[in-house]
Structure formats: C-alpha cells, structure tokens
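Residues per chain are reported as follows:
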Amino acid sequence: MSNTYALISLGCAKNLVNSEQMLYLMDEAGFELVPDPDGADLVIINTCGFIDAAKSEAIDNILEMAELKKAGRLGGIIVTGCLPERYKDSIMEELPEIDAVIGVGSFGDIVDAAVAVIDGEKLSRFAGNSQPVDEIPRIVSTGPSWAYLRIAEGCNNFCAFCSIPYIRGRFRSRAIENVIEEAKDLAEHGIKEIIVIAQDITRYGTDLYGKRSLAKLCHEIAQIPGIEWIRLHYLYPDQFDDELIDEIASNDKIVKYLDIPIQHINNAVLKKMNRRGTGDDIRALFRRLREKIPSLVLRTSLIAGLPGEGEAEFEELCDFLREARIERVGVFPFSPEEGTPAASMEHVDADEAQRRADILMELQAPIMDDFCNAFVGQTLRVLCEGFDKESEMYYGRSYADSPDIDGQVFFTGDASEGEMVEVYIEEADDGILYGTAQ
Ligand code: SF4
C-alpha cells in the first residue's frame, strides 16, 4: 500500500515548476498524490517568502496543517521553497510542527525528506542557492494545453526593494539544449502554449554563453512542431536589443504580448531602487515596441509608495499611466522587506502605500476596459481551456490574456480543450470577452 501525500503550491510560476518537479519525483518513488491533506500520510507545502503577505500565507498554511496533524488526521509536514530558504536558521525552531524543510537548491531531495518523515525522523536540506539549476523532469499541473518553461534561476539585478536575489541566488541560465529538449517533450504531450519564465528572461545566456540568447532560444522553440504560442514574461526593460525586438516582431509564434515589469517611472525613485535606465528610456522602449509590433499588448508591474516617492513622483507615475495606456498593469503597495536596502530607507506608511496603489488601479481600470471593448466586432484566436457548466459556454484565452492574471474569452459553438478556435467577439464586460466560435 503506497504512502499518500498532498501538495500545496504557493507563490509564483517559477515555484510552481519546482512543485511539478516534486510531483514527478514523488510519483517515480511510488507515493500516491491525493487532493486533500486530511487523512494523508504527508503534506508538502511549497512556499513563497519574498514579501510579508506571502510569508503570512505560507505560515497560515503550515499552522492549518499542524492542526490536522495534532488531530491525528495528517502524518507529517514538509515545507519547501523560499520561506525555509530565507529563514533556514530559525524555521524549525519557530515552527516545531514542521517535520522536514527543503531549500530552493534541494528540491531533488524531496523523496529523502518524505521517507525520513514517514520513518518519524526530522530532516533539513539546504544545498545552497547558486549551484547550477537542477534538470529534473516534471508533471505539468497547468492542464493539457499550456505550460510554463523556466529557462533560468536566480537574479543579479538586486533591485533595492527585492529579497529574491538573497533567496534564489545568482542568475543561472539552463543550457539551451536542455530547455529545447523540455519544450519538445511538452509539445509531444500536446502543449500548444509555452510561457517562458525566469526572474529576468532578458538576461538569458549572458552567464553561459557570454551574450543575450533569448532571441536565439525563442527562434529555436518556434521550430518545434505543435508549439503554437510562445509567451514571454519577466523582461527587464533595459535589456532589449534590436535582435530581440526583431525576433519578437517577425516570429509568428511569439504572441504579441510582453510582460515588462518597470516598477516605477520617476528617475530619482528608479535610481534609489537600483533599477537600471531612466523613465525616458522606458517611454522610448514602449514607443519603439509599439511601432515595431502592431497590436502589441504590454503588461507591467508597479510598486506604489517606494522610498523616494513623494507627491510629485507619484503624480508623475499617474501621468505616465494616463499617457502610456498600458493594456495590462499589476500594482503592489511597497512592502519593506527585512534584509533589503529599501527596508531601511525612509518611506510612506502601509496605508498610504495602499491608498496610492488603489489610485493607480482606479486610473488603470477605464484604460483596460477601453482595451477590451475594442475587441468587440473582431475575430480572435482563442486557446480553448474547457467548458463551463454554469454558463454552458466554452472558455479560453486569446493572445492578450496570460493565465491567472488577465481576462478570458467565453464562447458558444463547438470546441475541445487544447484546440485553437477563431471566436467572433460580440461583447466585453469587466475584462471578460464573449463571442461565438466561427
Ligand atoms: S529583477 Fe529585481 S524585482 Fe525582479 S527578481 Fe530581480 S531583483 Fe527582484
């Protein structure tokens, strides 16, 4: 009778890839995955730990599992990922309910941890966060039609507000042949859309090959039969060169959707946050991308209330949003993270940071509505992701929608999961499009 385990995956897409690798290793070792930790022999909680909100979410999950364990309804608790990595010296002491901890360099040891916990032992594994990226197969958890493809690990940018370089280590590209091999394997399993991720994908290859190699990588992925969409996330604004822009513009498989986190636009704030480039560099880049890539959808992330942001700097950010009319924007209130330079800098309080974040989202809402309304009367190519029993409609995403963070397209007609469907858009409502399959 095999031991059962449940897996709770928290945090970003990069962390989800690690969860998928642990699913593969546990399956290979004969452990049975169950949907509910209640009654399981083990639970693995793959955590995020880069900001307070994420840390609280992870700790809430751990304490909830500890209650199950105390009630005899769960055998053991394994905590992996960024939270134990960040607090490796104190986590087992502060949370004695935990049976084993695995750092970001030791996901490959998950089975050792599971076996140890089943045998009633405690275990800690922290192999460091800057050794070459482990090439571990994975069980894709995002459905039959799309998957993340993580091409590198760590970050060398050291933005002053960010704890990730201290948790995930130095930037390390995966070898291009390994990435291509994985993309081929995904295509052979029917994956149509590949979402390329890392902390900063524009830096891909600079460590291994001494030059930016994202354009080359995208060109090679596009040669793989079965791959129809290549979506690029986490592009650093000052790392765009002509080669990359030309590849994005000319490669039909690269969806004309670019996620370029800029965090702010004011020069003094950018400098203080150790962000490279100026506000004018960002404006020029966005103009150039829109000129070169028709119907481009831009996504960005902004942080409100950063150190150095007074009323004038905040107003400049508001004006920028009004001007740039960015289609997709995520806004976060500044969270001073211990151990980062920004945490010891003067800054507005949490309420003020949240108030500013709300203002930016209010500013952005009509811009995103106008963007969606403009699709009415057009026919869009949609990756069908399933059928919604409640609305009795199929649903999916167009090139303008990245999973979990953007909108969806609901449509009538006939389709199957994983199929690309031409949908005539008849209505737009609150970021959701409605139409009929052609
Ligand atoms: S680019 Fe900056 S914000 Fe992003 S992970 Fe690296 S240090 Fe953090």
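Residues numbered from 1 in each chain as written. Predicted model: local features only at pLDDT ≥ 70, side-chain atom pairs only at ≥ 80, totals over all residues. Heavy atoms only, no water.

**Focus on the overall build of the protein**
Check the secondary structure of the protein and you find 13 helices and 19 strands. Compactness check: the protein gives a C-alpha radius of gyration of 22 Å against a globular reference of 22 Å for 438 residues, within 12% of the reference. Across the 438 residues of the protein, 55% fall into the buried class. Relative to all contacts within the protein whose residues are 6 or more apart in sequence, the contacts with residues 24 or more apart total 72%. As presented, the protein carries roughly 18200 Å² of accessible surface, and 50% of it is formed by carbon and sulfur atoms. Distance between charge centroids for the protein: 6 Å, based on 42 positive and 79 negative side chains. (Helix = DSSP H or I, 4+ residues; strand = E, 2+ residues; numbered from the N terminus. Rg over C-alpha atoms; globule rule 2.2 N^0.38 Å. Buried < 20%, exposed > 50% of the residue type's maximum accessible area, 1.4 Å probe, protein only. Contact = heavy atoms within 4.5 Å. Areas by Shrake-Rupley, 256 points an atom, 1.4 Å probe, with all protein chains shown as cover. Lys, Arg positive; Asp, Glu negative; His and termini not counted. Charge placed at Lys NZ, Arg CZ, Asp CG, Glu CD.)

**A short note on the nonpolar core**
Judged by nonpolar contacts, the single largest core of 59 residues is most densely connected at I151, L232, F240, L258, I260 and L289. Residues in contact with I260, not counting those within four places in the same chain, are L235, P237, F240, L285, F286, L289, L298, R299, T300 and S301. If you look at the next biggest cluster of nonpolar residues, it comprises 30 residues, including L380, A400, V421 and L433. (Core = buried A, V, L, I, M, F, W, Y, C linked by side-chain atoms within 4.5 Å.)

**Here we look at the sheet that holds strand 10 (residues 193–197)**
An order of 7-10-11-12-13-14 is seen for the 6 strands of this open sheet, with the pairing classed as parallel. Where the open sheet ends on each side, the last strands, each with one partner, are strand 7 (146–150) and strand 14 (328–333). Shown here is a sheet whose adjacent strand axes are inclined to one another by a mean of 20°, direction ignored. Where strand 7 meets strand 10, 5 bridges bridge the pair, whose relative direction is parallel. Within strand 10, the position partnered with A147 by the bridge is I194. (Pairing = 2+ DSSP bridges. Axes fitted to C-alpha atoms, helices over the stretch in contact; angles between N-to-C directions.)

**Remarks on unusual backbone geometry**
In this structure, Y234 is a non-glycine residue whose phi angle is positive, near 60°. Examined against the element boundaries, Y234 turns out to sit in the loop between strand 11 (229–232) and helix 9 (242–250). The exposure class of Y234 is partly exposed, given its relative accessible area of 23%. Backbone geometry at D404 places phi at a positive 70°, although glycine is not the residue there. Within the secondary structure layout, D404 lies in the loop between strand 16 (393–397) and strand 17 (409–412).

**With respect to the pattern of salt bridges**
Within this structure, the stated rule accounts for 43 salt bridges. Taking the shortest distance from any N to any O, the salt bridge between E327 and R290 comes out at 3.0 Å. Of this pair, E327 sits in the loop between helix 12 (311–324) and strand 14 while R290 sits in helix 11 (residues 279–292), placing them 37 residues apart in sequence. A relative accessible area of 29% means that R290 is categorised as partly exposed. Through salt bridges with shared partners, one network takes in E20, E135, R138, R174 and E182. (Salt bridge = Lys/Arg side-chain N within 4 Å of Asp/Glu carboxyl O.)

**Observations regarding helix 9**
Along helix 9, the residues that are buried comprise L244, I245, E247 and I248. Projected down its long axis, helix 9 carries its buried residues within an arc of 160°, all on one side. Considering only its buried residues, helix 9 is in contact with helix 8 (214–221), strand 11, strand 12 (254–259) and helix 11. (Arc of directions from axis to C-beta.)

**Observations regarding the site of the ligand**
Residues in close proximity to the ligand include C155, N157, F158, C159, F161, C162, I164, P165, Q199 and R275, which together make up its full environment. For the shell around the ligand, the residue count by class is 7 nonpolar, 2 polar and 1 charged. (Near = heavy atom within 4 Å. Nonpolar A, V, L, I, M, F, W, Y, C, P; charged D, E, K, R; others polar.)

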